[in-house]
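The chain contents come next:
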Amino acid sequence: MTRDRNIWIRNVYYMLSYAFEELKKNNYEQIAREEFDRIQDLFAEILFKGVSAQLKRGLYREYVTRTEDLPLLKGRLDIRETINNRMRCRNVLRCEYDNLSENNLFNQVLKTTLDVLCHERSVSPVQKAKLKQLMPFFSEVDKIDIRNIRWNNFVYQRNNQAYRMLMNVCYFIIDGMLMTTETGKYRMATFSDEHMCRLFERFVLEYHRVHHRELSPNPDRIEWNICPEEDSMIDFLPTMRSDIVLHRADWTLVIDTKYYSHAMQHHFDKPTIHSANMYQIFTYVKNLDVENAGKVSGLLLYAKTDEEITPDLSASFGKNRIRVRTLDLNQEFSGIARQLEEFLEW
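Residues numbered from 1 in each chain as written. Predicted model: local features only at pLDDT ≥ 70, side-chain atom pairs only at ≥ 80, totals over all residues. Heavy atoms only, no water.

Novice: Which residues make up the overall build of the protein chain, and what values do they have?
Specialist: In terms of regular secondary structure, the protein chain is built from 9 helices and 15 strands. In terms of overall dimensions, the protein chain is more spread out than a globule: its C-alpha atoms have a radius of gyration of 26 Å, far above the 20 Å expected for 346 residues. Each of the 346 residues in the protein chain was classed as buried or not, and the buried ones make up 47%. Here the protein chain displays about 19000 Å² of accessible surface, and carbon together with sulfur accounts for 49% of that area. (Helix = DSSP H or I, 4+ residues; strand = E, 2+ residues; numbered from the N terminus. Rg over C-alpha atoms; globule rule 2.2 N^0.38 Å. Buried < 20%, exposed > 50% of the residue type's maximum accessible area, 1.4 Å probe, protein only. Areas by Shrake-Rupley, 256 points an atom, 1.4 Å probe, with all protein chains shown as cover.)

Novice: Describe in detail unusual backbone geometry, supporting the description with residues and values.
Specialist: A positive phi angle is found at Cys 89, which is not glycine, with a value near 60°. Mapping Cys 89 onto the fold places it in the loop between helix H3 (79–87) and strand S5 (93–101).

Novice: Could you give an account of the sheet that holds S5, naming the residues involved and the relevant values?
Specialist: Sheet strands pair via backbone hydrogen bonds, and the direction of the pair is either parallel or antiparallel. Spatially, 3 strands are ordered S3-S5-S4 in an open sheet, and the strand pairing comes out antiparallel. This sheet does not close on itself; its edge strands, each paired only once, are strand S3 (62–70) and strand S4 (76–77). Inspection of the sheet shows S4 paired to S5 by 2 bridges, in the antiparallel sense. Residue pairing in the sheet places Arg 76 in a bridge with Glu 96 of S5. The sheet contacts of H3 involve S3, S4 and S5, and relative to S5 the element is tilted by about 130°. (Pairing = 2+ DSSP bridges. Contact = heavy atoms within 4.5 Å. Axes fitted to C-alpha atoms, helices over the stretch in contact; angles between N-to-C directions.)

Novice: Go over the pattern of salt bridges with me, naming the residues and quoting the values.
Specialist: What the rule picks out here adds up to 13 salt bridges. With its nearest N and O atoms 2.9 Å apart, the salt bridge here joins Asp 250 to Lys 295. Of this pair, Asp 250 sits in the loop between strand S9 (240–248) and strand S10 (251–258) while Lys 295 sits in the loop between helix H8 (275–288) and strand S13 (296–303), and the two are 45 residues apart along the sequence. A relative accessible area of 42% places Lys 295 in the partly exposed class. Connected through shared salt-bridge partners, Asp 69, Glu 81, Arg 90 and Arg 94 make up one network. (Salt bridge = Lys/Arg side-chain N within 4 Å of Asp/Glu carboxyl O.)

Novice: Can you break down the nonpolar core residue by residue, with the values?
Specialist: Ranked by size, the top nonpolar core spans 72 residues in total, and within it Ile 46, Leu 47, Phe 200 and Phe 203 carry the most contacts. Counting residues per element, this core draws most heavily on helix H6 (residues 163–174), which supplies 9 residues. Each residue touching Ile 46, except ones within four places of it in the same chain, is listed here: Tyr 13, Leu 16, Leu 23, Tyr 28, Ile 31, Met 165 and Val 169. With 14 residues, the next largest nonpolar core counts Met 278, Tyr 284, Val 285 and Leu 300 among its residues. (Core = buried A, V, L, I, M, F, W, Y, C linked by side-chain atoms within 4.5 Å.)

Novice: Go over the pairing of S10, please, and point to the residues and values.
Specialist: In terms of residue burial, S10 counts as a mostly covered element, since 8 of its 8 residues are buried. The side-chain alternation of S10 yields two buried faces, one formed by Trp 251, Leu 253, Ile 255 and Thr 257 and the other by Thr 252, Val 254, Asp 256 and Lys 258. When S9 meets S10, the two strands line up antiparallel, connected through 5 bridges. From the neighbouring strand, Arg 248 faces S10, where its bridge partner is Trp 251. Linking S9 to S10, which pair antiparallel, is a turn of 2 residues; within it Ala 249 sits at a positive phi near 55°. Pairing of S10 with S13, which is carried by 7 bridges, proceeds in the parallel orientation. Bridge pairing in S13 places Leu 253 opposite Ser 297.

Novice: Give a detailed account of the environment of Arg 66, specifying residues and quantitative values.
Specialist: Tracing the backbone through its elements, the reader meets Arg 66 in strand S3. We classify Arg 66 as partly exposed; its relative accessible area is 38%. Sequence separation between Arg 66 and Glu 206 is 140 residues, and the spatial gap between their C-alpha atoms is 42 Å. Those residues in contact with Arg 66 that sit more than four places away from it in its chain are Cys 95, Glu 96, Tyr 97 and Asn 99.

Novice: Account for the packing of helix H4 (residues 105–118) against H6, naming residues and giving values.
Specialist: For the pair H4 and H6, interaxial distance at closest approach is 10 Å and the crossing angle is 40°. One way to sum up the angle between H4 and H6 is to call them oblique. Where H4 crosses over H6, the handedness of that crossing is left-handed. Of H6, the residues touching H4 (which contributes Phe 106, Asn 107, Val 109, Leu 110, Thr 113 and Leu 117) are Tyr 163, Leu 166, Met 167, Cys 170, Ile 173 and Ile 174. For the contact of H4 with H6, the residue count by class is 10 nonpolar, 2 polar and no charged. (Parallel < 35°, antiparallel > 145°, perpendicular 65-115°, else oblique. Left-handed = near helix turned anticlockwise from the far one by under 90°. Nonpolar A, V, L, I, M, F, W, Y, C, P; charged D, E, K, R; others polar.)

As structure tokens, this is what we get:
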């Protein structure tokens, strides 16, 4: 099985499948059986199948305001510019009208991402050839500067829901771009720890949502457990939001996921768990256990690395138990699922 750093590339696909429901549909099933030498080829294949399916349904179109000089009135009349046309002896009307167009932000991002992958050295020639087949369908769509994309500005509704997964894949690709100062062109970077951290967190959450809905898995805001007389202090304290909280009867498990190149920190050559991570999960558990009844536990879950020593800890802090474990992503997916199930047996 081909690996990208410390994770099988096929497992990146499975993690994406949990993060984005669209990838579980028939159009993408073949991807799980294919071998990819690079993570970039996996994203290129996902994008190829996703865009191909969207082209069969038709590219999303939305109304775009256009301004044009026309012999007959269409839409709204711009009186000032029409008078200026008459003064220049031009017998036309300046009109503003809404036109249903494919040249919108969603399709512009798709075309730009396809173009970037077609010129990316780390993408295989086979994948590039497949992506180039799609480009003629975007002849009416403009390319945009990837630095100007505001990913939080996308508004999804019934007609463009299928674009949600595609935009997230484009984000993973484009957010990993580096602009070279010599030529001004874009080059794709390695799939970063920051991307994997977000994907790892989303995967663990969605896995529990799919297989353990009875545990009501959700990220949760945790309130500071301070004396009522000192409530005014809350405004000055940082917000606490856990990655995942699971509930079963009167038992609660807080899971905080971490993905690092090095899961252990070293102090005077002594390997230890990242202190900030330990303080974080400890704070979550203690503040969530308002009654100090010991019915809240914590799990600090790291993605396993190639380090000889990996985090492995289980200890009681007062009445609360906190465990630190690693999830090995460099194995068959059935093994990953088995590990996640074992964590719940606690």
